[in-house]
Amino acid sequence: MPLEHSPSERAGALHAILLRILSDPTDATPEQVEQRIAAARARIDLGAYGQFVSGHTPAPLHQRWIDAVTDPDTKRLLIVAPPDTAKTQWMGIHLPAWMIGNNTNIHVGLISNTAGQAQRKSVAVRDTILDNPKYRLAFPGVKPDYGKGWSESEWFVQREDVGDKDSTFTASGAPGPILGNRFDLLIFDDINDQENTSTLYQAQKLNDWVEKTALTRLVEGGRAVAIMTRWAHFDAASYFLEHGWTLLHTPALDDDGKSAWEERHPAVSYRALQADQPLTFEQVHQGRPTPRGGALLKQEWFRSYPRDVPPACERTIQVWDTAFKKGQANDYSVCAYWGATVSGYYLLDLWRARVEYPQLKALAVSFFNGKEPNAVLIEDAASGQSLIQDLRQTTRIPLHPIRPDKDKIARVNAIADIVASGRVFIPDTAPWLGEWLLEHIQFPAAEHDDMIDTTTMALEYLSRGRKLAGQSGAMAVPKNGHRTVEDDDMASSASITGNHRHKPVLVGGGRRKQP
């Protein structure tokens, strides 16, 4: 196996092979001699293999990975690099195919985030061995063993020990059924994603499987390589580092602002992404996830605008988080009024109180009539479902039910980049501003989370650029006997906390620009 020998020993072996090729008395054309030399280099050097077999010339970052993974003294290697930098191509496809070519007795395990992802890489390696003529020129002795198995999840090549029960290549998701297999080389290919690192519990569950199942399948002296994009400070990479793995860290931008792979990802593109998604860029592209502690949003990320000069918004929405009971122990109902401009997203106004359902429904109608937003978002869960059904039956309000598919922390994480990039504006003064800001910067430790629920719904909806209903104006709903915004003689300083002896109202400017 090439990895059992030092670089100087491999260079010496290549020199001897080249001498034999050049002294071969057979009538070979110069092109044939050149191809034999390239094939010989491919057998000895992984970078030359990628170039010869697949036409992939290693960039400097790839060469650093190749030097590290082919160092015979490196038994546990962790490569952290941004997405779309050919990690899988070099370490998940080229490396195992090259290793099998040099040693048909080897057992390789490849573990990805899902079984389907792992099997796609397995097929890429398998089909290279089967169908690539340059691979067969470099490694003429590697032949499929169809009798033992040639499936997507595991396959065999012919080898000396016909009694060897373990497959040449095994592909599995994480976690997956790999007990019973033994591996000389184990490759972890991006086993983490945003979902399985969304909570410490989920990440720890996967880390336990890596430790207690996957790594126990390595033979004595076996090697393991992990290629990863970072998603959280407690992900599998943190486990590998805690257990002494050699780290090869390739950030998208180095300390001098140079791109890791300028030809593929120019530095100017990375810097634009960094400005647009600062948190995600630092975590995923720079590979430096930061523990956020109790606060997921920081006060300094929010920008302010003068409330007496509201922006001319291209579109506006009202967002409802509802509750139906008035008692002090019950949740608040919240209506947040948001607008979108080319510069970002503006919180224009907010109402918050504890009310009974009939009053809540009347307020939803009157708030819409007063502002005529392009859309009204209501969380499609529990109390919100009744409001959605009633408004659909009795009004033409452009309703958009929102059914969250993630937990509250994941929803806040999903909009954190928008806030951190300076694209969320809040008024410089408002009677409800202090409570609103406190709830956001203390989440998830805040006493309530009803206002932040409306923020996540609004920013996710507006940032998707979703086409809003009601662009031509919706039919206003007649007053139905309940008091409306116009009926209440409320001061703009009405409190959003306390016992609400008066009916709270949606106050302030920010009316959308009429088409």
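Whatever comes next refers back to the structure up there.
An account of the accompanying structure is given in this report. Numbering of residues starts from 1 in each chain and follows the order in which that chain's sequence is written. Note on the predicted model: pLDDT of at least 70 is required for a residue's local features to be given, and 80 or more for side-chain atom pairs to be given and counted; whole-chain, interface and lining totals, by contrast, use all residues. The side-chain values count all of the structure's non-hydrogen atoms but skip hydrogen atoms and water molecules.

**Brief notes about the sheet that holds strand β9 (residues 315-321)**
The strands making up a sheet are joined through hydrogen bonds of the backbone, oriented either antiparallel or parallel. At least two bridges found by DSSP between two strands is the condition for calling them paired. Secondary structure elements follow DSSP: runs of H or I of four or more residues count as helices, runs of E of two or more count as strands, with numbering from the N terminus. Here seven strands make up an open sheet; going across it, the order is β8-β14-β11-β10-β9-β12-β13 and the pairing mixed. What marks the edges here is a single partner per strand, and that holds for β8 (303-305) and β13 (399-402). Strand-to-strand, the axes of this sheet are offset by a mean angle of 30 degrees, without reference to chain direction. Those strands touched by helix α13 (residues 383-394) are β12 (375-379) and β13, and its axis lies near 145 degrees from that of β12. Angles here are taken between N-to-C directions and fall from 0 to 180 degrees, while the axes themselves are lines fitted to C-alpha atoms, restricted in helices to the stretch in contact. Any two residues whose heavy atoms approach within 4.5 Å at even a single point are treated as in contact.

**Thoughts on the side chain of D380**
Looking at the element boundaries, D380 is found in the loop between β12 and α13. Exposure categories follow from relative accessible area, calculated using a 1.4 Å probe and restricted to protein chains: below 20% of the type maximum is buried, above 50% is exposed, and the middle band is partly exposed. D380 gets classed as buried once you look at its relative accessible area, which sits at 18%. Looking at D380, its side chain comes within polar contact range of the side chain of R403, at 2.9 Å. Non-local contacts of D380, meaning those with residues more than four positions away in its chain, are made with Q385, I388, P401, I402 and R403. The definition of a polar contact used here is a pair of N or O atoms within 3.5 Å, where within protein one atom must be able to donate a hydrogen and the other to accept one, and adjacent residues in sequence count solely through side-chain atom pairs.

**Topic: the packing of helix α2 (residues 30-44) against helix α3 (residues 46-54)**
The interhelical angle for the contact between α2 and α3, taken along N-to-C directions, is 135 degrees, at an axis separation of 6 Å. Looking at the two axes, α2 sits oblique to α3. Between α2 and α3 the crossing geometry is left-handed. Contact with α2, carried on its side by Q35, A38, A39, R41, A42 and I44, involves L46, A48, Y49 and F52 of α3 and no other residues of that element. Residue polarity is assigned by list, with Asp, Glu, Lys and Arg as charged and Ala, Val, Leu, Ile, Met, Phe, Trp, Tyr, Cys and Pro as nonpolar; anything else, Gly included, falls into the polar class. Residue composition of the contact of α2 with α3, by class: eight nonpolar, one polar and one charged. In these notes the angle categories are as follows: under 35 degrees is roughly parallel, over 145 is roughly antiparallel, 65 to 115 is roughly perpendicular, and the rest is oblique. Crossings are sorted by hand: turned counterclockwise from the far helix by less than a right angle, the near helix makes the crossing left-handed, and turned clockwise it makes it right-handed.

**Examining the nonpolar core**
Joining through side-chain atoms within 4.5 Å is the link that ties buried Ala, Val, Leu, Ile, Met, Phe, Trp, Tyr and Cys residues into a set, and such a set is a nonpolar core. Formed by 44 residues in total, the largest nonpolar core has its most connected members in Y49, M91, L95, I100 and Y135. A total of eight residues in this core trace back to one element, the largest contributor, which is helix α5 (residues 87-102). The contacts of I100, once residues within four sequence positions are left out, are I106, V108, I129, Y135, V142, W155, V157, T168 and F169. Judged by nonpolar contacts, the second largest core, of 37 residues, contains W301, V419, W432 and L433.

**Observations concerning the pattern of salt bridges**
Any carboxyl oxygen of Asp or Glu within 4 Å of a side-chain nitrogen of Lys or Arg constitutes a salt bridge here. One pass over the structure, following the stated rule, counts 16 salt bridges. Among the charged side chains, a network of salt bridges with common partners joins R352, E439 and D450.

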